[in-house]
Amino acid sequence: MQHDEMIWSVISQNFCSFKTTIGKAKSDKTYFCRNPYSVTGLCNRTSCPLANSKYATIREQNGRIHLFVKTVERAHSPKNVWEKILLSRNYGKALAQLDEHLEFFPKVLMHRNKQRLTKIHQYLIRMRKIELKVRSGRKAKLVGVHRKIDQREERRERKALVAAKLEQTIEKELVERLAKGTYGDIYNFPETPYRKALEQAEETEQESETEMEEEDESDDGMVEYVEDLDSEEEDELEDEEEDVENMEYLGNGNWGENESGESDSDNEESPSSGKTDKKPSASKTKKPAAKRRGPRVEIEYEEEREDHVEPVAAEASW
Amino acid sequence: MSARPLVTVFGLSGEKVGETTLPAVMTAPLRPDIVQFVHTNMNKNHRQAYAVNIRAGKQVVAESWGTGRAVARIPRVGGGGTSRSGQGAYGNMCRGGRMFAPTKTWRKWNKKINISQKRYAVASALAASAVPALVMARGHVIDEVPEIPLVMESSIEASKKTSVAKDILNAVGALADMEKAADSKQVRAGKGKMRNRRYVLRRGPLVIYKANDGVEQAFRNLPGVELCCVDRLNLLQLAPGGHMGRFCIWSQAAFDALETIYGEGGKRIPTAAMTNADIARIINSDEIQSILKAPKAGQKQHAPKRNPLRSLEALEALDPYAAAKRRAQASAEATRASKKAEILAAKRQQAKDKKQYKAAGKAFYEKVSKQGDICANGFTLE
């Protein structure tokens with residue numbers, strides 16, 4: 001008894017790891033006891049399993065109900081403190097058993113134990129009822145929601161979706177298939193992707209062209225003698241007007257350059273004549289391996305004048 | 001308390017091997033207040049000094065511009081050519097100024113505690129470690145421990161291997177507490193994690209020995225397990241956090257040494273102020289009850305006050321009409337609830353009618369305001 005008082009004064013006033021409140025408000029004055037052997041769940045002088053050397057509880061495990069009894073004689077040995085008595089499944093018989101075992105215990109404790117037994121029986125009955133209803137299909141099984149877990153999984157799904165880059169892989173796959181030719185000849189392409197793909201193809205070709213150019217120019221130390229290199233460059237810097245003579249009617253109102261050998265010969269002739277040439281022709285220096293046609297230009301017809309000094313003078317006068 | 005109880009001594013595989021008597025220290029008074037006081041002060045003794053740089057904020061030459069310049073009178077940095085010039089200096093309110101009351105290293109970091117107080121605290125903590133309820137309340141998992149205080153045979157001091165140590169703990173039911181500590185390892189919350197105090201874990205059992213023949217090495221790597229020699233019992237280990245009741249595992253040599261350390265020839269065991277502190281029992285004892293005066297007769301018994309806001313009967317006593325009023329309220333609500341559907345329907349119908357009426361009026365107006373031969377069809381309107 002002396003010990004119990006000491007224990008209770010230490011536990012209640014100082015620290016007990018089983019003591020909790022539900023809310024965080026300071027006005028929450030009821031303390032609960034999280035000790036699994038507590039009869040009531042409250043933190044009281046009479047219902048503290050640690051501060052009472054003569055104590056009894058009822059616990060239920062898998063539907064079997066046991067009476068746990070604690071006495072002073074075994075208080076020093078935590079392993080053997082609780083004497084476990086199996087109670088009858090019959091409610092009435094269990095009550096009689098309680099009477100018998102807790103005869104010399106404080107009346108309060110016996111009363112609490114009986115209350116607990118009743119509660120346990122009631123919830124077991126309810127559990128059985130629900131289970132039967134669930135099995136017969138008349139009631140849905142209620143499952144708890146784990147907000148933390150559900151939110152975590154949702155978050156991960158979203159991240160995984162972003163990380164999978166579905167659109168890109170699908171696009172890649174489809175383009176591959178198209179390239180392979182599994183779709184045969186399809187003529188209806190949506191405009192923007194088609195143009196984009198064509199530009200990409202053009203870029204790769206131009207890249208290979210520039211690579212080839214670079215390869216040609218990488219011949220260091222090789223002296224190349226070229227006729228009238230300067231004039232060629234100057235002509236390039238001027239507004240590139242296409243040589244009218246080189247124009248060819250390509251049909252559909254489009255005029256384009258003649259890509260045959262004639263234009264090449266023209267190119268060779270024009271640098272020799274130089275700037276004195278009356279025709280403001282820009283020698284069209286073609287890129288060595290241009291496969292692409294020049295831009296299709298629609299030309300307005302103008303009268304050709306013999307006297308070209310005026311526009312030149314006009315340019316120079318600013 | 002002269003006949004002190006016997007304590008079983010357990011062998012390394014958990015079987016009973018012998019008995020000893022409980023040392024007198026274990027019956028010392030339980031004084032959580034003294035333990036808390038001594039603990040808080042003892043805890044300050046291993047602090048390291050911290051302080052701001054002594055020159056911080058003062059390494060400028062700054063003078064106040066005085067009055068008349070339409071600026072605050074705080075000393076300002078002179079010179080020019082840099083954004084620092086003209087800025088306030090020296091004050092605790094200035095950016096780059098010295099702080100208010102710069103912390104100094106010569107602060108008193110350690111606390112002096114009276115020796116007798118320290119000893120009292122240790123004795124109290126030892127006594128608490130012998131009470132299973134207090135050890136459980138402190139949070140240790142001792143459900144499988146065969147006895148508190150837990151004394152093992154002295155050969156535990158000679159254990160060399162950690163695996164052997166773990167088996168010993170297992171045999172004696174102390175592994176659960178050690179595992180609780182191991183599971184609780186977490187990254188510390190707060191800045192301590194970047195100041196070399198990264199992990200925190202719970203405290204497990206404290207192994208107390210007399211002579212180290214390998215115990216230290218065997219047990220020290222187990223998470224949560226701490227070791228202590230009897231001669232140098234540490235309050236910070238016996239009552240971590242200022243809470244008494246650490247789970248202690250004694251070697252028999254250490255346990256028996258307590259008799260000599262505390263007693264006539266050694267440290268004083270504190271005595272309680274009251275030998276029997278159970279006041280309730282004293283009051284209800286025959287000795288006291290027999291000399292009490294009889295209770296006064298004819299005293300009015302007052303029933304406990306009942307709050308009228310909570311109990312209807314108490315309210316009735318004050319306001320006789322209360323029950324009737326409540327009933328009227330309840331019935332009114334009920335009728336309102338039942339009539340709700342009807343009322344709603346009526347209102348909706350009303351709104352609908354109004355709409356139709358308005359629409360009809362509008363249509364009429366449209367028809368009437370059409371331009372055309374007024375009397376094309378006579379004076380009638382279609």
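A.B. asks: Any chance you could explain the overall build of chain B here in plain terms?
C.D. replies: When you go through chain B residue by residue, the secondary structure sums to twelve helices and eleven strands. When the 382 residues of chain B are sorted by exposure, 34% land in the buried category. If you take every contact in chain B between residues at least 6 apart in sequence, the share linking residues at least 24 apart comes to 60%. With an accessible surface of roughly 25,200 Å², chain B has 53% of that area assigned to carbon and sulfur atoms.

A.B. asks: Where do I start with the nonpolar core in this structure?
C.D. replies: A general tendency of soluble globular proteins is for nonpolar side chains to be buried together. By size, the foremost hydrophobic cluster in this structure holds 82 residues, and its most contacted members are B:Leu126, B:Phe219, B:Trp250 and B:Leu258. Among the elements that line this core, the one with the most residues is helix α2 (residues 115-129) of chain B, at eight residues. Every residue in contact with B:Phe219, bar those within four places of it in the chain, is listed here: B:Ile156, B:Ser159, B:Ala165, B:Ile168, B:Leu169, B:Val207, B:Val225 and B:Leu227. Among the nonpolar cores identified, the runner-up in size contains 22 residues, and A:Tyr37, A:Ala56, A:Leu87 and A:Leu109 belong to it.

A.B. asks: Explain a positive patch on the surface to me, please; I cannot follow it from the model alone.
C.D. replies: A cluster of basic residues, A:Lys119, A:Arg126, A:Lys129, A:Lys133, A:Arg138 and A:Lys139, forms a positive patch on the protein surface. Within the element layout of this structure, A:Arg126 appears in helix α3 (residues 107-136).

A.B. asks: In this structure, what is going on with the interface of chain A and chain B? I would like to understand it.
C.D. replies: Often the size quoted for an interface is simply the accessible area lost on bringing the parts together. Each side of the interface is counted separately: chain A has 19 residues, and chain B has 25 residues. Both faces considered, chain A and chain B share a buried interface measuring about 1,900 Å² in area, 67% of it formed by carbon and sulfur atoms. Taken together, chain A and chain B are joined by zero salt bridges.

A.B. asks: Explain helix α4 (residues 162-171) of chain B to me, please; I cannot follow it from the model alone.
C.D. replies: Helical periodicity: at 3.6 residues per turn, an α-helix aligns residues three or four positions apart in one direction. All names here are of chain B. The complete set of buried residues in α4 reads Ala165, Ile168 and Leu169. Buried residues in α4, looked at end-on, bunch into an arc of 95 degrees, giving them a common side. As for α4, its buried residues are in contact with β5 (150-152), α5 (175-183), α6 (215-219) and β10 (248-251). Within two residues after α4, Gly173 carries a phi angle of roughly 85 degrees, on the positive side.

A.B. asks: Whenever I open this one, the packing of aromatic side chains confuses me. Can you help?
C.D. replies: To describe a pair of aromatic rings, one takes the distance between the centres and the angle between the planes. All names here are of chain A. A complete count under the given rule lists five aromatic pairs over all chains for this structure. Taken together, a centroid distance of 6.3 Å and an interplanar angle of 70 degrees make the contact between Tyr55 and Trp82 edge-to-face. With Tyr55 in strand β3 (residues 55-61) and Trp82 in strand β5 (residues 82-86), this residue pair connects regions lying 27 residues apart in the sequence. Each member of the pair, Tyr55 as well as Trp82, is classed as buried.

A.B. asks: Quick question: what am I supposed to make of unusual backbone geometry here?
C.D. replies: Trans is the prevailing form of peptide bonds, just as negative phi is the prevailing case for residues other than glycine. Across the junction of B:Ile148 and B:Pro149, the peptide omega takes the value 0 degrees, indicating a cis bond. Tracing the backbone shows B:Pro149 in the loop between α3 (132-138) and β5. Positive phi outside glycine occurs at A:Asn62, with the angle close to 55 degrees. Within the secondary structure layout, A:Asn62 lies in the loop between β3 and β4 (64-70). Here A:Asn62 falls in the exposed class, since its relative accessible area comes to 77%. Although it is not a glycine, B:Ala70 sits at a positive phi angle of roughly 60 degrees. The topology assignment puts B:Ala70 in the loop between β3 (62-64) and β4 (75-77). The class for B:Ala70 is exposed, based on a relative accessible area of 82%.

A.B. asks: Would you take a moment to explain α3(A) for this structure?
C.D. replies: All names here are of chain A. In a regular helix each residue adds 1.5 Å, so 30 residues correspond to 44 Å; α3 covers 44 Å between its end C-alpha atoms and thus fits that length. For α3, the complete set of buried residues consists of Leu109, Met110, Asn113, Leu117, Ile120, His121, Leu124 and Val134. Looking at the buried residues of α3, the elements they touch are β3, β4 and α2 (91-101). After α3 finishes, the residue Gly137 shows a positive phi value of roughly 95 degrees.

A.B. asks: Sorry if this is basic, but what is going on with the sheet that holds β5(A) here?
C.D. replies: What holds strands together in a sheet is hydrogen bonding between their backbones, with the strands either parallel or antiparallel. Residues and elements named next belong to chain A. Pairing within the open sheet is antiparallel, and its three strands lie in the order β3-β4-β5. Each edge of the sheet is formed by a strand with only one pairing partner; in this case those strands are β3 and β5. Direction aside, the axes of adjacent strands within the sheet are offset by 25 degrees on average. In terms of strand pairing, β3 meets β4 through seven bridges, oriented antiparallel. Following the sheet pairing, Ala56 is matched in β4 by Val69. Packed onto the sheet, α3 meets β3 and β4 and runs at close to 5 degrees relative to β3.

A.B. asks: Please clarify how the pairing of strand β9 (residues 226-229) of chain B should be interpreted in this entry.
C.D. replies: Note on strand geometry: in a regular strand, side chains alternate between the two faces of the sheet. Residues and elements named next belong to chain B. Side chains Glu226 and Cys228 of β9 all project onto a buried face; the interleaved residues Leu227 and Cys229 project onto the opposite face, where all are buried too. The pairing of strand β8 (residues 206-209) with β9 spans four bridges and is parallel. Paired with Ile208 across the strands is Cys228, a residue of β9.

A.B. asks: Just to check I follow, could you spell out the confidence of the model for chain B for this structure?
C.D. replies: Should pLDDT be low for a region, the predicted coordinates there are not to be read in detail. Chain-level statistics for chain B give a pLDDT mean of 92 and a share of 97% at 70 or above. In the model output, the complex is listed with pTM 0.66 alongside ipTM 0.73.

What counts, and where the lines are drawn
- Residues numbered from 1 in each chain as written.
- Chains lettered and ligands numbered in written order.
- Predicted model: local features only at pLDDT ≥ 70, side-chain atom pairs only at ≥ 80, totals over all residues.
- Heavy atoms only, no water.
- Helix = DSSP H or I, 4+ residues; strand = E, 2+ residues; numbered from the N terminus.
- Buried < 20%, exposed > 50% of the residue type's maximum accessible area, 1.4 Å probe, protein only.
- Contact = heavy atoms within 4.5 Å.
- Areas by Shrake-Rupley, 256 points an atom, 1.4 Å probe, with all protein chains shown as cover.
- Core = buried A, V, L, I, M, F, W, Y, C linked by side-chain atoms within 4.5 Å.
- Patch = residues over 30% accessible without salt bridge, like charges linked within 9 Å, V, L, I, M, F, W, Y side chains within 5 Å.
- Salt bridge = Lys/Arg side-chain N within 4 Å of Asp/Glu carboxyl O.
- Lys, Arg positive; Asp, Glu negative; His and termini not counted.
- Charge placed at Lys NZ, Arg CZ, Asp CG, Glu CD.
- Buried area = accessible area lost by both parts, 1.4 Å probe.
- Arc of directions from axis to C-beta.
- Phe/Tyr/Trp six-rings, centres within 6.5 Å; stacked < 30°, edge-to-face > 60°.
- Expected span 1.5 Å × (residues − 1).
- Pairing = 2+ DSSP bridges.
- Axes fitted to C-alpha atoms, helices over the stretch in contact; angles between N-to-C directions.
- pLDDT = per-residue confidence, 0-100.

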